[in-house]
Amino acid sequence: MSAFDYWHTIWILVHVLLFVYWLGGDLGVFYGSRFRNSNAQDVPTRQLIGKITGAVDMAPRTTLVLMMPVGLTLAADLDLSPVTGWWLGLVWIASLAWLWLVWRVHLEASPERKKRLAGFDMRLRWLVLVVLTVSALSTFISGEPFGENWLAVKVLLYAAMIGCGIMIRITIKPYGAAFQSLVDNGSTPETEATIQAVAKVSRRWVKTIWALLLVAAWFGIAQPNI
Amino acid sequence: MEMQGIWAFIHVMFLVYWLGADLGVFYVAYQIIKPEHSPEARATLLKVLGFIDGFPRAVSIFMLPVGIQLADGLGLSPVSGGMLWLPWIAALIWFAIAYSANARRTTPRGKQLAKLDLAIRAALVLGLGVFSIATFVSGGPFGANWLALKVLCFALILICGIGIRLTFIPFGPAFGRLMAEGSTPEVEATLKRAVDRVVPFVLALWFLLGVAALIGISQPDF
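Reference entry: report on the structure contained in this document. Note that the structure is a prediction, hence the values are computed from the model and not measured.

Comments concerning the overall build of chain A
Then comes step 1: Regarding its fold elements, chain A presents eight helices and zero strands.
Then comes step 2: Each helix (α) and strand (β) of chain A, taken in turn from the N terminus, gives the series α-α-α-α-α-α-α-α.
Then comes step 3: Dimensions along the principal axes, computed over C-alpha positions, put chain A at roughly 60 × 35 × 35 Å.
Then comes step 4: Looking at the 226 residues of chain A, the share that counts as buried comes to 48%.
Then comes step 5: In chain A, 19 side chains carry a positive charge and 14 a negative one; their mean positions are 8 Å apart.

As structure tokens, this is what we get:
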């Protein structure tokens, strides 16, 4: 096996493992949230489940961020991306900084600082979404910057998943206050209604991400000539 | 080619719902053994764990017929053509046994089925182990050494699974006592010991899954 094959194989494995912990990790979050949102459980149990789903959710959150530099590294290996050498190194550094930010948001104790960091993360997501969408569409139209349309489709799907993540963040805004009121004042029909309504809409976005992930996986495996 | 792509996709999806789902199982298990959580909360966590764990349990069984389909597509499988439905039927029966053993694990019938499931796993370890070593030595029944190595990995993974089952036996009764009598130092110690002893098997299983994935991706010629 040549050095190229060796490293390329390792990167594919990392790529697949990121997919594994993204979609597979989501399973626990998705099912656990049902108990967090159900008034059949007492409030401390719901808080505990909330903490656990929050922790397991760091698997998909982490893998989403890492998927971009790993994907671009694979694309560079296949000569399908102009992001190579130092530029690719820059993407890696930026992605690791983004990952650090994502973890800071998760671990931050002070609500004001958490809000500020999350706001910055949100702007970053919009930026990534726009840049990737434009480069994917440009590839369909002019064959640049990516060397294959199937890769551009994957990039577009990734951007769409980031878009779904943004929608989840917008959707769940009322959730925090409702859950806090649940902890402070106990269960009331209004708080439960808010929690249920928010959960329903965000589940839809989560399922959309799953569907997009499956399509992206299919494009990666089949690499159809389109 | 088209069918091969679909089987490869399913193969990868099975890895997702095996290894990826295991992460949730593992994390929740560690929360269940924390005495600071209320018994009600821990009972809810056990329900969550049971649901997530159903996915690795199912896909690990069906990984075998899917793997055979893929191997057949590459012309490397001893089971092919009109015989390909056989592994599927066998896997379905095995799944039915494993599923009912788990669903009725507190009844005598469930315990019987669990023994049968264990016997199937032991037979598979033996059979797959022999076939893969025979391939290294004499070039058959599998058409390539990398495939034989994957099969050997699968046999080792089954051993890890058996190890998990056997070391985890004290957990169920201890959890029942936790629910009936509340938290006592002995019960907590038993729960913690069961989870602690499972860890090496779980880590070995994950590692072997990673190795199997790597072999599948690179399909090295040796």
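Some thoughts on the interface of chain A and chain B
Then comes step 1: Of the residues lining the interface, 31 residues belong to chain A; the matching set on chain B comes to 35 residues.
Then comes step 2: Area buried by chain A at its contact with chain B is led by L27, Y31 and W218 of chain A, which between them contribute 19% of it.
Then comes step 3: Between the two partners, chain A and chain B, sit zero salt bridges.
Then comes step 4: Between chain A and chain B we count one residue pair in polar contact (both at pLDDT 80 or more) in total.
Then comes step 5: Elements with a minimum of two residues in the side of chain A that touches chain B: helix 1 (3–36), helix 2 (43–56) and helix 8 (189–222) of chain A.
Then comes step 6: Counting residues per element, the side of chain A that touches chain B draws most heavily on helix 1 of chain A, which supplies 17 residues.

A look at helix 8 of chain A
Then comes step 1: With 34 residues, helix 8 of chain A extends 49 Å from end C-alpha to end C-alpha; this agrees with the ideal 50 Å at 1.5 Å per step.
Then comes step 2: The first or second residue beyond helix 8 of chain A is Q223 of chain A, which carries a positive phi of 40°.

A short note on the nonpolar core
Then comes step 1: Of all hydrophobic cores here, the largest spans 126 residues; its most connected members are F19, W98 and Y158 of chain A.
Then comes step 2: In terms of residue count, helix 1 (residues 2–32) of chain B provides more of this core than any other element does, 15 residues in total.
Then comes step 3: Those residues in contact with F19 of chain A that sit more than four places away from it in its chain are G24, M67, L213 and A217 of chain A together with V12, M13 and V16 of chain B.
Then comes step 4: Listed in part, the seven residues of the second largest apolar core include V43, F179, I195 and V198 of chain A.

Comments concerning the packing of aromatic side chains
Then comes step 1: Counted under the stated rule, the structure contains 19 aromatic pairs over all chains.
Then comes step 2: Between W18 of chain B and F154 of chain B the ring centres are 6.4 Å apart and the planes differ by 85°, which places this aromatic pair in the edge-to-face class. Within this pair, whereas W18 of chain B is found in helix 1, its partner F154 of chain B is found in helix 5 (residues 145–168), the two being separated by 136 residues in sequence. Just as W18 of chain B is buried, F154 of chain B falls in that class too.
Then comes step 3: Seen from their ring centres, F62 of chain B and F95 of chain B are 5.4 Å apart, and the 50° between their planes marks the pair as tilted. Of this pair, F62 of chain B sits in helix 2 (residues 39–73) while F95 of chain B sits in helix 3 (residues 85–103), and the two are 33 residues apart along the sequence.
Then comes step 4: Aromatic rings pair up to connect Y31 and F35 of chain A together with Y17, F51 and F55 of chain B into one cluster.

Here's the deal with the pattern of salt bridges
Residue and element names in this part refer to chain A.
Then comes step 1: Taken as a whole, this structure holds twelve salt bridges over all chains when the rule is applied.
Then comes step 2: Here R104 makes a salt bridge to E108, at a shortest N to O gap of 2.9 Å.
Then comes step 3: Residue class for R104 comes out partly exposed when judged on its relative accessible area of 27%.
Then comes step 4: Ionic pairing is found between R125 and D121, a salt bridge with its closest N-O pair at 2.9 Å. Of this pair, R125 and D121 both sit in helix 5 (residues 111–142), four residues apart, which is roughly one turn of that helix.
Then comes step 5: A relative accessible area of 4% means that R125 is categorised as buried.
Then comes step 6: With a relative accessible area of 4%, D121 lands in the buried category.
Then comes step 7: Three or more residues joined by partner-sharing salt bridges are found here, namely R104, E108 and R113.

The rules behind each value
- Residues numbered from 1 in each chain as written.
- Chains lettered and ligands numbered in written order.
- Predicted model: local features only at pLDDT ≥ 70, side-chain atom pairs only at ≥ 80, totals over all residues.
- Heavy atoms only, no water.
- Helix = DSSP H or I, 4+ residues; strand = E, 2+ residues; numbered from the N terminus.
- Buried < 20%, exposed > 50% of the residue type's maximum accessible area, 1.4 Å probe, protein only.
- Lys, Arg positive; Asp, Glu negative; His and termini not counted.
- Charge placed at Lys NZ, Arg CZ, Asp CG, Glu CD.
- Contact = heavy atoms within 4.5 Å.
- Buried area = accessible area lost by both parts, 1.4 Å probe.
- Salt bridge = Lys/Arg side-chain N within 4 Å of Asp/Glu carboxyl O.
- Polar contact = N/O pair within 3.5 Å; in protein donor to acceptor, adjacent residues only side chain to side chain.
- Expected span 1.5 Å × (residues − 1).
- Core = buried A, V, L, I, M, F, W, Y, C linked by side-chain atoms within 4.5 Å.
- Phe/Tyr/Trp six-rings, centres within 6.5 Å; stacked < 30°, edge-to-face > 60°.

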